[in-house]
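Read off the chains here:
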Amino acid sequence: MSHDLLRHRSQFPILDRTTYLISNSLGAMPRGVYDAIHDYAETWATRGVRAWEERWWMLAGHVGDEIGALMNAPKGSISTHQNVTTCQAVVASCFDFSGKRNKVVYTDMNFPSVMYFWEAQKGRGVRVHMVKTDDAITVPTERLLDAIDEQTLLVPISHIIFRSAFINDAKAIIEKAHKVGALVVLDTFQSLGTVPVDVQALDTDFACGGVLKWLCGGPGVAYLYVRPDLGNKLVPSFTGWAAHEDPFAFEIGPNRYTVPPYRFMNGTPHVPALEACRPGLKIITEVGVDRIREKSKRQTTRLIELADQHGWPVNTPRDPEQRGGTVSIDMPDSYDVCRELLKREILVDYRPKAGVRMSPHFYNTDEELETAIDAVEEILKNRQLATR
Ligand SMILES: Cc1ncc(COP(=O)(O)O)c(C=O)c1O
């Protein structure tokens, strides 16, 4: 089965040159992006301003649907944006935080940019309640559920924690939020493309993420799912002409909002990034997230076994059902080890409180895991010799 997935390796040039275990940060570029960018330039060069009408203006909606198909989102429910932080701003702009229901609940394991955004909304009346982790790996679900109460308006929460790959219990969080009248903004950046996500089964209110990691889509495209019944009601105040019912009428005065997904967009779309992300989406769709997940569970289990054999602490859940696609290994001098691995063309990253993150994707071989771990062993041995 895994062998079958390796069929796609030749579509990713960087896999010929490096041991690429960093898809939690930046997925490998599919070869098809060369053509996509070239075609974009050709369209611009030959069609000029007509490109807006013929292709570019509607591209955001098409790409939204392509992303949506990966998370069982109904057509037309996904708007695209430049990044997840912007998605938070779009959501925040739909609500009034001056009343009693003004609490925003998340955990200290959220991605910092999301925290920074919500912290900065305190001036608009937002009351942030941040639930703390005990072990820097997991989120205490009961504590989080207890914090979601009748005064809670929003719960912007990572589906999978970027540091540890812990999978939050999204279903329980969404159920509790709905019981008390709160809404959930599920950040699926670290799940979509490596762990199955079904926004309708979860009944999440919003979902957001970007395409540059597990979806191999490159920087510049994030997605925002809005539950369709909400989507037609909400009125984002972070808005612009893309959200207008008739943008090219250039009407004066307040926005006359169109329907989703454009209702949640604002200014001129990020066309080159939208073009560049499509080859990755196509491959992930072809491969299938269920098959990616099966392989990922097996390979992350293997990485943990190898780390255990060396006695290196692992800051990632051991139960594969609680773990996304990354294994964080906190070997001695992990920051320096990471720098050394990069020099040897073994691409991984280092995060404080996590260690070296290794993230095999469907295109990685089992041998590459051994290569990375063997290199760490050698680097540590050399360092020991040097300090003697
Ligand atoms: C869970 C999660 N959310 C958000 C981000 C990034 O946010 P933004 O798209 O605003 O840069 C990341 C990583 O880059 C992430 O891992």
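Our subject is the structure that appears above.
A quick note: this is a predicted structure, and the numbers were derived from the prediction, not measured.

Remarks on the site of the ligand
Near the ligand you find Asn83, Val84, Thr85, Phe111, Ser158, Phe162, Asp187, Phe189, Gln190 and Lys213, and these make up its full shell. A distance of 2.5 Å separates an oxygen atom of the ligand from a polar side-chain atom of threonine 85. Lysine 213 places a polar side-chain atom, nitrogen or oxygen, 3.0 Å from an oxygen atom of the ligand. Burial of the ligand by the protein chains amounts to 83% of its free accessible area of 400 Å². Of the residues belonging to the shell around the ligand, the class tally is four nonpolar, four polar and two charged.

Here we look at the environment of aspartate 39
Mapped onto the elements, aspartate 39 comes out in helix α2 (residues 32-47). According to the relative accessible area criterion, aspartate 39 is partly exposed, its value standing at 45%. Between the C-alpha atoms of aspartate 39 and alanine 276, which are 237 residues apart in sequence, the distance is 10.0 Å.

Comments concerning α2
Here α2 spans 22 Å end to end across 16 residues, near enough to the 22 Å set by a 1.5 Å rise per residue. Buried within α2 we find Val33, Ala36, Tyr40 and Thr43. One face of α2 carries all of its buried residues, which in axial projection span an arc of 80°. In α2, the exposed residues that point more than 90 degrees away from the buried face are Tyr34, Asp35, His38 and Ala45. Looking at the buried residues of α2, the elements they touch are α3 (50-69) and α10 (271-287). Taken from the residues just after α2, glycine 48 is the one with a positive phi, measuring 55°.

Some points on a nonpolar patch on the surface
A surface patch of nonpolar side chains, about 330 Å² in accessible area, is lined by Trp241, Phe248 and Phe250. Examined against the element boundaries, tryptophan 241 turns out to sit in the loop between α9 (228-231) and α10.

With respect to the state of the cysteines
For the coordinates displayed, the defined rule picks out zero disulfides. Free of any disulfide, cysteine 277 has its nearest cysteine sulfur in cysteine 216, 11 Å distant. In this structure cysteine 338 is not part of a disulfide, and its nearest cysteine sulfur, from cysteine 216, lies 20 Å away. Residue classification places cysteine 338 among the buried residues on the basis of a relative accessible area of 2%.

Digging into unusual backbone geometry
Backbone torsion omega between proline 260 and proline 261 reads 0°, so that peptide bond is classified as cis. One non-glycine residue, asparagine 72, adopts positive backbone phi at about 55°. With respect to the secondary-structure elements, asparagine 72 resides in the loop between α3 and β2 (78-81). With a phi angle near 50°, phenylalanine 250 is a residue other than glycine that sits in the positive phi range. Among the structural elements, phenylalanine 250 can be located in the loop between α9 and α10. On the accessibility criterion, phenylalanine 250 (54% relative accessible area) is exposed.

Focus on the nonpolar core
In globular proteins that are soluble, nonpolar side chains generally tend to be buried together. By size, the foremost hydrophobic cluster in this structure holds 51 residues, and its most contacted members are Phe95, Trp118, Leu154 and Phe206. Tallying contributions element by element places helix α4 (residues 84-92) first for this core, with six residues. Discounting chain neighbours no more than four positions away, the residues touching leucine 154 are Val91, Phe95, Phe97, Lys103, Val104, Val105, Trp118, Leu183, Val185 and Phe206.

About the criteria used
Residues numbered from 1 in each chain as written. Predicted model: local features only at pLDDT ≥ 70, side-chain atom pairs only at ≥ 80, totals over all residues. Heavy atoms only, no water. Near = heavy atom within 4 Å. Polar contact = N/O pair within 3.5 Å; in protein donor to acceptor, adjacent residues only side chain to side chain. Areas by Shrake-Rupley, 256 points an atom, 1.4 Å probe, with all protein chains shown as cover. Nonpolar A, V, L, I, M, F, W, Y, C, P; charged D, E, K, R; others polar. Helix = DSSP H or I, 4+ residues; strand = E, 2+ residues; numbered from the N terminus. Buried < 20%, exposed > 50% of the residue type's maximum accessible area, 1.4 Å probe, protein only. Expected span 1.5 Å × (residues − 1). Arc of directions from axis to C-beta. Contact = heavy atoms within 4.5 Å. Patch = residues over 30% accessible without salt bridge, like charges linked within 9 Å, V, L, I, M, F, W, Y side chains within 5 Å. Salt bridge = Lys/Arg side-chain N within 4 Å of Asp/Glu carboxyl O. Disulfide = S-S within 2.5 Å. Core = buried A, V, L, I, M, F, W, Y, C linked by side-chain atoms within 4.5 Å.

These figures capture arrangement, not role.
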